[in-house]
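# Coordinates in review
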Amino acid sequence: MSAAVLAPRMDRPGTASVFGRAAGAEWVRLRTVRTTWACLLAATVVVVGLGAIAAADEAEGTATAANPIVSTFAGEYGVLLGQFGLLVLALLAVTQEYASGSIGPTLQWTPRRGVLLAARAAVPTVVATVVGVLLALVADVVALLIDPELTLPLGDAAAGLARIAAVLAAGSLLAVGVGLLLRSTAAGLATVFLLQLVLPFLMQSFNVEWLADLAQWLPGTGAVRTLLREPDSLSAGGALALLACWSAAALAAGGWRLLRRDAG
Amino acid sequence: MIEVRGLTKQYGAVRAVDDLTFDVRPGKVTGFLGPNGAGKSTTMRMVLGLDRPTSGSALVAGRPFARLAEPLRTAGALLDAQAVHPGRSGRDHLRVAARANGIPLRRVEEVVDQVGLGPAARRRVKGYSLGMRQRLGIATALLGDPAVLLFDEPMNGLDLDGVRWIRRLVRELADEGRTVLLSSHLMSEMEQTADHLVIIGRGRLIADASMAEVMRGESARRQVQVRTPSPDELAGALLRRQLRVHPTDVGDLLVEGASPETVGDVALEVGVAVHRLAEVHNSLEQIYLDLTGDSVQYRVAAEPEPAGQVRP
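Worth saying up front: this structure is predicted, and the values here are computed from it rather than measured. Residue indices follow the written sequence of each chain, beginning from 1 at its first position. Chains carry letters from A onward and ligands carry numbers from 1 onward, assigned in written order. Totals for whole chains, interfaces and linings use every residue, but because this is a predicted model, local features are given only for residues with pLDDT of at least 70 and side-chain atom pairs only at 80 or more, for both listing and counting. No hydrogens and no water enter the side-chain calculation; it runs on all heavy atoms of the structure.

## Topic: the overall build of chain B
Test applied: Helix and strand definitions here come from DSSP, where helices need a minimum of 4 consecutive H or I residues and strands a minimum of 2 consecutive E residues; each element is numbered from the N-terminal end. Contacts are residue-level and defined by heavy atoms, with any inter-residue pair within 4.5 Å sufficient.
The helix and strand inventory of chain B stands at 10 helices and 13 strands. Pairs at least 24 apart in sequence give 70% of the contacts found in chain B among residues at least 6 apart.

## Overview of helix α6 (residues 154-182) of chain A
An α-helical turn contains 3.6 residues, so any two residues separated by three or four positions project in the same direction. Heads up, the condition is: Working rule for helices: expected span equals 1.5 Å times residues minus one.
Over its 29 residues, α6 of chain A runs 42 Å from end to end, which matches the ideal 42 Å to within 8%, given 1.5 Å per residue. Residue Arg-183 of chain A follows α6 of chain A closely and has a positive phi angle near 60 degrees.

## Section: the sheet that holds strand β4 (residues 55-60) of chain B
Residue and element names in this part refer to chain B. Put simply, the test is: When DSSP finds two or more bridges between a pair of strands, those strands are recorded as paired. Axis lines are fitted through C-alpha atoms, for helices just across the contact stretch, and the angle between N-to-C directions can take any value from 0 to 180 degrees.
Read from one edge of the open sheet, 3 strands run β2-β1-β4, paired in antiparallel fashion. Every interior strand has two partners, whereas the edge strands, β2 (14-24) and β4, have only one. Adjacent strand axes in the sheet meet at a mean angle of 20 degrees, parallel and antiparallel pairs treated alike. Relative to β2, strand β1 (residues 2-11) runs antiparallel, the two sharing 7 bridges. By the bridge assignment for β2, Ile-2 is matched with Val-24. The sheet contacts of helix α1 (residues 40-47) involve β1, β2 and β4, and relative to β1 the element is tilted by about 115 degrees.

## Some thoughts on the interface of chain B and chain A
Condition: Defined in terms of a 1.4 Å probe, buried area is the accessible area two parts forfeit on being brought together, summed over both. Any Lys or Arg side-chain nitrogen found within 4 Å of a carboxyl oxygen on Asp or Glu counts as a salt bridge. Polar contacts, as counted here, are pairs of nitrogen or oxygen atoms within 3.5 Å of one another; within protein the pair requires one atom able to donate a hydrogen and one able to accept it, and residues that are adjacent in sequence qualify only if both atoms are side-chain atoms. Amino acid classes used here: Ala, Val, Leu, Ile, Met, Phe, Trp, Tyr, Cys and Pro are nonpolar; Asp, Glu, Lys and Arg are charged; the rest, including Gly, are polar.
Taken together, the contact between chain B and chain A spans 51 residues of the former and 38 residues of the latter. For the pair chain B and chain A, the two sides together bury roughly 3600 Å², of which 54% comes from carbon and sulfur. Along the contact surface separating chain B from chain A lie 2 salt bridges. Among the salt bridges present, the one from Arg-21 of chain A reaches Glu-70 of chain B, with a minimum N-O distance of 2.7 Å. Between the two partners, chain B and chain A, sit 12 residue pairs in polar contact (both at pLDDT 80 or more). The set of elements that each furnish at least two residues to the side of chain B that touches chain A consists of β1, α2 (90-100), α3 (106-114) and α4 (130-142) of chain B. A total of 7 residues in the side of chain B that touches chain A trace back to one element, the largest contributor, which is α2 of chain B. Looking at side-chain class alone, the side of chain B that touches chain A contains 22 nonpolar, 10 polar and 19 charged residues.

## Side note on a nonpolar patch on the surface
Residue and element names in this part refer to chain A. Definition in use: Patch rule: a residue counts if its relative accessible area is over 30% and it has no salt bridge; like charges are joined within 9 Å, and nonpolar side chains (Val, Leu, Ile, Met, Phe, Trp, Tyr) within 5 Å. In this description, accessible areas are obtained by the Shrake-Rupley approach with a 1.4 Å probe, and a residue is regarded as covered only by the protein chains that are shown.
Together, Phe-193, Leu-194, Val-198, Leu-202, Phe-206, Val-208, Trp-210 and Leu-214 line one region of the surface with nonpolar side chains, adding up to about 710 Å² of accessible area. Every element with two or more residues in the nonpolar patch is listed here: α7 (185-205) and α8 (209-215). With 4 residues, the top contributor of residues to the nonpolar patch is α7. Following the sequence through the fold, Leu-214 ends up in helix α8.

## Considerations on the packing of helix α3 (residues 72-100) of chain A against helix α9 (residues 219-228) of chain A
All names here are of chain A. Note the threshold: These descriptions rest on fixed angle ranges, namely under 35 degrees for roughly parallel, over 145 for roughly antiparallel, 65 to 115 for roughly perpendicular, and the rest for oblique. Should the near helix be turned counterclockwise from the far one by less than a right angle, the crossing is left-handed, whereas a clockwise turn marks it as right-handed.
Two numbers describe how α3 lies on α9: the axes approach to 9 Å, and their chain directions differ by 165 degrees. Accordingly, the angle class assigned to the pair α3 and α9 is roughly antiparallel. As α3 runs across α9, the sense of the crossing is right-handed. In this structure, α3 uses Glu-76, Tyr-77, Val-79 and Leu-80 to contact α9, whose residues at the interface are Val-224, Leu-227 and Leu-228.

## Concerning the pattern of salt bridges
Quick reminder of the rule: Only protein chains enter the calculation, and the probe is 1.4 Å; a residue is then buried if its accessible area is under 20% of its type maximum, exposed if over 50%, and partly exposed in between.
In total, this model carries 24 salt bridges over all chains according to the counting rule given. Across the salt bridge formed by Lys-9 of chain B and Asp-262 of chain A, the nearest N and O atoms sit 2.8 Å from each other. Here the residue Lys-9 of chain B occupies a position in strand β1, and Asp-262 of chain A occupies one in the segment after α10 (236-260), the pair thus bridging two chains. We classify Lys-9 of chain B as buried; its relative accessible area is 7%. The shortest N-O distance in the salt bridge between Arg-171 of chain B and Asp-195 of chain B comes to 2.7 Å. Taken as a pair, Arg-171 of chain B in helix α5 (residues 160-175) and Asp-195 of chain B in the loop between α6 (187-191) and β8 (196-201) lie far apart in primary sequence, 24 residues in all. A cluster of three or more residues bridged by salt bridges with shared partners is formed by Glu-26, Arg-29, Glu-97 and Arg-120 of chain A.

## Focus on the packing of aromatic side chains
Residue and element names in this part refer to chain A. Stated precisely, the cut-off is as follows: Two rings from Phe, Tyr or Trp (for Trp, the six-membered ring) form a pair when their centres are within 6.5 Å of each other. A pair whose planes differ by under 30 degrees is stacked, one over 60 is edge-to-face, and the rest are tilted.
What the rule picks out here adds up to 3 aromatic pairs over all chains. With 5.9 Å between their ring centres and 80 degrees between their planes, Phe-73 and Tyr-77 make a pair best called edge-to-face. Of the two residues, Phe-73 and Tyr-77 are both situated in helix α3; the distance of 4 residues between them amounts to about one turn of the helix. Given a relative accessible area of 13%, Phe-73 falls into the buried group. Judged by its relative accessible area of 32%, Tyr-77 is partly exposed.

## Quick word on the pairing of strand β6 (residues 148-152) of chain B
Residue and element names in this part refer to chain B. Of all 5 residues in β6, 5 are buried; the element is thus mostly enclosed. Here β6 shows two buried faces, one formed by Val-148, Leu-150 and Asp-152 and the other by Leu-149 and Phe-151. As judged from the 4 bridges shared by strand β5 (residues 75-78) and β6, these two strands associate in the parallel manner. Residue pairing in the sheet places Gly-76 in a bridge with Leu-149 of β6.

## Overview of the nonpolar core
As a reminder of what qualifies: What makes a nonpolar core is a set of buried Ala, Val, Leu, Ile, Met, Phe, Trp, Tyr and Cys residues whose side-chain atoms join them at distances within 4.5 Å.
The biggest cluster of nonpolar side chains holds 55 residues, and the ones touching the most others in it are Leu-117, Ile-138, Leu-142, Leu-143, Phe-151 and Leu-197 of chain B. At 7 residues, the largest contribution of residues to this core is made by α5 of chain B. Leu-107 and Ala-263 of chain A together with Val-17 and Phe-65 of chain B belong to the second-largest nonpolar core, a separate cluster that totals 46 residues.

## Considerations on the confidence of the model for chain B
Residue and element names in this part refer to chain B. Here is the rule we go by: A residue's pLDDT is the confidence the predictor assigns to it, expressed on a 0 to 100 scale.
Summarising the model, chain B shows a mean pLDDT of 88, and 89% of its residues fall at 70 or more. Contacts for the low-pLDDT stretch residues 298-312, under 50 throughout, to residues beyond four places or in other chains number 17 contacts. We note a pTM of 0.84 for the whole complex and an ipTM of 0.89 for its interfaces.

## What about the sheet that holds strand β10 (residues 223-227) of chain B?
Backbone-to-backbone hydrogen bonds pair the strands of a sheet. The strands run either parallel or antiparallel. Residues and elements named next belong to chain B. The antiparallel open sheet is built from 4 strands, whose spatial order is β11-β12-β10-β13. Only two strands of the sheet have a single partner each, and these edge strands are β11 (244-247) and β13 (276-280). Averaged over all pairs of adjacent strands, the angle between their axes in this sheet comes to 25 degrees, without regard to strand direction. As paired strands, β11 and strand β12 (residues 253-256) are joined by 4 bridges and run antiparallel to one another. Along β12, the bridge assignment pairs Pro-247 with Leu-253. Of the strands in this sheet, β10, β11 and β12 touch helix α8 (residues 231-240), which is tilted by about 10 degrees from β12. Against the sheet, helix α9 (residues 260-270) makes contact with β10, β12 and β13, and its axis sits at roughly 155 degrees relative to β13, the strand it touches most.

Structure representation (structure tokens):
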């Protein structure tokens with residue numbers, strides 16, 4: 001090997017360029033492990049399959065040619081359950097690195113941790129959101145094909161997909177933040193599932209008022225409200241704000257651990 | 001060039017690295033030696049910005065590593081060969097590294113060939129032996145054609161061919177003018193590899209000297225062990241020649257600062273039979289043990305002193 005295998009660089013790349021490369025590396029990381037594809041497969045089956053079935057079931061008997069039901073709730077129901085495949089994808093993108101110790105090499109390749117944080121939050125979030133929205137659209141269309149009495153106006157479809165995108169983006173950022181903070185797949189999975197699915201329903205089911213009140217402040221409540229547009233006790237804007245606050249808090253906590261503590 | 005200045009790392013009550021200051025210069029293989037737990041890995045992790053020093057600093061090619069935009073083009077490191085995602089292929093692992101540092105993908109194929117990973121590079125790391133993982137780690141370190149290289153225990157778990165390969169590789173890298181820091185807890189590995197030694201124990205600097213200097217110190221302490229049926233007579237003759245003689249616990253004599261030739265000639269002069277005459281090989285291993293002896297953290301209690309250790 002000669003000492004000049006690579007041309008020497010005169011100009012140092014700027015932060016935008018370093019971020020672009022870090023994001024590119026994150027993308028290669030994501031697509032070169034099987035778990036990513038397993039998560040996407042699971043999400044596809046649940047979102048499209050359950051969504052279409054739920055929509056067809058809902059339309060059965062209630063939808064008529066005169067009073068058609070909009071099929072967007074196929075995607076909404078589907079994502080309500082199928083989002084977990086996508087959130088697990090985002091979580092594993094972070095925690096697998098701590099399980100294998102490969103966070104060490106990662107930080108040797110991208111030692112500017114703020115840049116790494118940005119790339120690590122952005123890439124799984126974009127992937128989960130884009131894939132989730134596409135799957136929801138497929139679910140809507142499949143529902144339409146199954147039951148011709150459903151309808152899918154463009155405006156409703158766009159609005160429904162936008163709400164799905166918001167829920168998935170917020171959920172992915174939450175998962176990334178939790179993963180960076182806890183550095184453990186098991187603890188991260190438990191936390192994300194509890195916050196996003198289990199606690200909001202469980203705490204309301206006890207018929208204890210303060211527990212139910214507390215459940216109103218969990219991210220899962222905001223996600224359900226945004227996806228299904230009910231219950232009305234929480235406004236649409238309030239639900240989005242709730243989601244944004246949880247994502248911001250999780251990212252701040254996880255980012256603090258990545259930026260301020262030893263690599264792990 | 002690596003510059004370590006007053007580097008300190010405190011974990012609770014334990015001071016893993018204690019005010020270390022040394023330079024690692026280009027064109028040489030610098031051996032970074034110390035018993036297990038001496039703080040070698042922690043020091044390397046701080047140099048690479050992975051762990052935050054409690055105090056002090058480290059510069060790589062004149063800059064803190066954590067500020068480098070294209071770190072692999074400046075410094076490559078193999079710290080822990082196991083720290084690779086098991087589900088990714090070796091080649092994909094290298095591709096991620098290349099992508100993050102703006103390195104053309106053809107370099108991935110070049111380093112795969114250079115370290116002899118061959119077709120295994122397409123397989124998932126899960127099935128790699130430790131030796132293959134070491135090779136993958138070294139390929140990653142070489143990817144950016146860096147001027148500075150850090151290897152933490154790279155010979156660990158390698159077979160003899162692998163060890164020879166690493167020795168040749170680090171020699172070539174240093175001969176090309178690169179800065180090479182190579183850690184090990186085994187002095188014998190360094191004896192044939194390093195030009196310069198930085199020895200630490202319990203986080204503190206014990207020695208920072210060229211291999212030649214360390215060896216010179218050794219030859220001044222050369223000893224000869226001699227077995228004879230008339231030890232008193234021979235000891236008297238040796239003492240008359242201003243040589244220092246000590247009895248060993250097996251009844252032999254230990255002569256300091258003399259060659260076997262001298263001792264043999266003296267025995268012939270006084271007509272004493274010699275049954276055994278041998279230079280006590282104070283290997284680098286022994287010097288290292290002497291230097292780090294007080295700083296070994298996990299020492300076997302009641303270890304019998306080897307003959308070469310006998311002192312007045």
